[in-house]
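Structure assessment
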Amino acid sequence: MIKLFKYLRSYKKECILGPLFKMLEAIFELFVPLVVAAIIDKGIAGEDKGYIIRMCLLMAALGAIGLTNTLFAQFFAAKAATGFAAKIRHVMLAHVQELSYQDINRLGSSTLITRMTSDINQVQTGTNLAIRLLLRSPFIVFGAMIMAFTVDVKGALVFAVTIPVLSIIIFGIMLVSIPMFKKVQSRLDRVMNSTRENLSGVRVIRAFGQEESEIEGFEKNAESLTAMQKTVCRVSALMNPLTYVVINMAVIALIWTGAIRVDAGLLTQGAVVALYNYMSQILVELIKLANLIVTLTKTVACGNRLQAVLDIRPSQDFVSNNEKTDITKRSTVCFENVTFTYENAALPSLSNISFTAEKGDIIGIIGGTGSGKSTLVNLIPRFYDADSGSITVGGIDVKKYPKKQLRECFGIVPQKSELMSGTIRDNLLWGKKEASDEELREALKSAQALDVVESKSKGLDEVITEGGRNLSGGQKQRLCIARALVRKPDILILDDSSSALDYGTEAALRAALRKLSFKPTVFIVSQRTASIKDADKIIVLDDGKLVGMGTHDELLDNCTVYREIYNSQQIKEAETHEEK
């Protein structure tokens, strides 16, 4: 948590002025009981109405000045807290973007979402309260005790006993509750993960009739979170009644000793009221301090979780953009004895893969589920790093490219078609920010997506909802392909990105890829032999091993795995045709 304070440096002025104005307000508040005592002892006792009015006006002035100071303190505290939270959000997002796929897989997306929303909001709330109350409450507590000694030393001894007892209660409860709050946030991660899975997979859940099972699993996680929250709340809830009991006992002792001393003529009635008012101020401030400590306990736990993410060093190192590397956009890709294993996996996902793709080649990649097809294409733009062997683009090892310059060479359409909320134009411009409408139309035409845009009333300015939920699967895939084509990449990777297209549209897409003016090297990952049979070279994978490479006809002759895939699909197509 302490490391996060560097993002608060830009708000040094606010962090000084906020507590300063709160301290000024506290000083004026400490004088109010003395004014009340003066009204009782001099104004009321002497029946001096003029004096009473003057003292009342003085109290009103003290209240107005205190309110003004409070408003200034609130403004500066809010400005610092919101700015602090905004900086952490920016830093967190930038840091997450630097992490590799493997790092993100290790953390989990639900955990990252919780930390960038709930945890940062808690840090913002805690920072705001700390700036306003962390100095003010202790100042009032000890200030009221000192002022009580100026009124009556014997009566103030009650304060000297009460404050240490209250401190033991508050800090004891705080020490017990801090570890509990950490467990609460951990269980909140589980609930967030369950929520995300249920919302994103709602169609699948309903299709398999698993609503009750998922509800039961969610309730289990929610009940675990609730149980831990209740335990924390029970511990925290002890603070208010315990402090009230101690304070009220102190008030009883104060009034009792005060009454005896008034009877003996050693103390005035106004002084007793002043002492009572100071005790009331201490009560209010200690309750505030107790609640502040609970909030700060949560804040520290959340801050430590945020810092834990920021402390993760990206598992991939890229060369600096300032380093001179002879990079021109090239399309040749070469794998030499590449092996890759996912973290905690028992066996490699790819073993000793070697092949070369020349500029303008269309490379098909096929194999059974889990054979390593997506893993292979994800290694080219360095989404993952190979364990051994080398991957070169344009004759240069991918590890020697600056990240930005390497990724600019690629147009990538992943397995899951992702469109961002905004217009169709906004999404296409991700490929090339300065692209003209003509370039967008050209990319849409090549991706067989022009009819998708023309069918919309607003054309390119049609709004896409979150995740492209107002589009069909095929429409999303075609728009994602168009987005990749807009940048005219040297290397185009289509990772099973035509699975939702009918055979006619897919055939037209393959023909259009052949006619592209910028002639990229194309990698097509597919489960269907029909999607890759026209490729210049087909790579066949089986359990992470390269078991065949060549053209469609060559593989039918010499690759058993490819032949089995092809024959099984031909049989299924024939059966489907007969049924129709």
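Structural notes, computed from the coordinates. Here the residue numbering is sequential within each chain, running from 1 through the sequence in written order. Totals for whole chains, interfaces and linings use all residues, but because this is a predicted model, local features are given only for residues with pLDDT of at least 70 and pairs of side-chain atoms are given and counted only at 80 or more. Just so you know, side-chain values use all the structure's heavy atoms and leave hydrogens and water out.

1. Brief notes about the overall build of the protein
- Working definition: helices are DSSP H or I runs of at least four residues, strands are E runs of at least two. Numbering for both runs from the N terminus. Secondary structure assignment for the protein yields 20 helices and 12 strands.
- For 580 residues, the compact-globule formula gives about 25 Å, and the C-alpha radius of gyration of the protein, at 35 Å, lies well above that figure.
- In terms of overall dimensions, the protein has C-alpha extents of about 115 × 50 × 45 Å along its principal axes.
- When burial is assessed residue by residue, the protein has 47% of its 580 residues classed as buried.
- Surface accessibility in these figures is a Shrake-Rupley result with a 1.4 Å probe; residues are shielded only by whichever protein chains are displayed. For the protein, the exposed area adds up to about 29200 Å²; of that, 58% sits on carbon and sulfur atoms.
- Positive and negative side-chain charges in the protein, numbering 68 and 61 respectively, have mean positions lying 7 Å apart. Only C-alpha atoms enter the radius of gyration; for comparison, a globular chain is expected to reach 2.2 Å times N to the power 0.38, where N is the number of residues. Here the term buried applies to any residue with accessible area under 20% of the maximum for its type, exposed to any over 50%, and partly exposed to those in between, with areas from a 1.4 Å probe on protein chains only. Under this rule, positive means Lys or Arg and negative means Asp or Glu; His and the chain ends count for nothing. Where a charge lies is defined by one atom per residue type, namely NZ (Lys), CZ (Arg), CG (Asp) and CD (Glu).

2. What about helix H8 (residues 211-237)?
- A rise of 1.5 Å per residue sets the reference length of H8, with its 27 residues, at 39 Å; its end C-alpha atoms lie 37 Å apart and thus fit the reference within 8%.
- Along H8, the residues classified as buried are Ser-224, Leu-225, Met-228, Val-232, Val-235 and Ser-236.
- When checking whether two residues touch, look at their non-hydrogen atoms; a contact exists if any pair is within 4.5 Å. On its buried side, H8 packs onto helix H6 (153-200), helix H9 (239-263) and helix H10 (269-310). Expected span of a helix, by definition, is 1.5 Å for each gap between consecutive residues, and there is one gap fewer than residues.

3. Quick look at the nonpolar core
- Phe-159, Ile-247, Met-279, Ile-282 and Leu-286 are the most contacted members of the largest nonpolar core, which has 51 residues in total.
- Elements represented by at least two residues in this core include exactly helix H1 (12-44), helix H4 (109-133), helix H5 (136-151), H6, H8, H9 and H10.
- For this core, the leading source of residues is H10, giving 16 residues.
- Those residues in contact with Phe-159, other than ones at most four positions away along the chain, are Met-145, Ala-148, Pro-164, Leu-254, Leu-275, Tyr-278, Met-279 and Ile-282.
- One finds Ile-362, Leu-428, Leu-513 and Phe-518 within the second-largest nonpolar core, a separate group that totals 43 residues. We call a set of buried Ala, Val, Leu, Ile, Met, Phe, Trp, Tyr and Cys residues a nonpolar core when their side-chain atoms join them within 4.5 Å.

4. Regarding the pairing of strand S3 (residues 362-367)
- Burial within S3 is extensive, with six of its six residues counted as buried.
- Every second residue of S3 is oriented toward a common face, with Ile-362, Gly-364 and Ile-366 on one face and Ile-363, Ile-365 and Gly-367 on the other, all of them buried.
- Strand pairing requires that DSSP identify at least two bridges connecting the strands. Of the strand pairs in this sheet, S3 and strand S10 (residues 521-525) are connected by four bridges, and their pairing is parallel. Bridged to Ile-362 within S10 is Val-522.
- Direction of pairing for S3 relative to strand S11 (residues 537-542): parallel, over a ladder of five bridges. Note on S11: the bridge partner recorded for Ile-366 is Val-540.

5. With respect to unusual backbone geometry
- Here Asn-337, not a glycine, exhibits a phi torsion of approximately 50 degrees, which is positive.
- Topologically, Asn-337 is positioned in strand S1 (residues 333-340).
- Using a relative accessible area of 47% as the deciding quantity, one classes Asn-337 as partly exposed.
- Within the chain, Gln-448 stands out as a residue other than glycine whose phi angle is a positive 60 degrees.
- Here Gln-448 shows up in the loop between helix H14 (437-446) and helix H15 (450-454).
- We classify Gln-448 as partly exposed; its relative accessible area is 21%.

6. Observations regarding the side chain of Glu-506
- Within the secondary structure, Glu-506 sits in helix H17 (residues 503-514).
- Exposure remark for Glu-506: the relative accessible area of 2% places this residue in the buried category.
- Residues contacting Glu-506, with those up to four places away along its chain left out, are Ser-498, Leu-501, Arg-528 and Ser-531.

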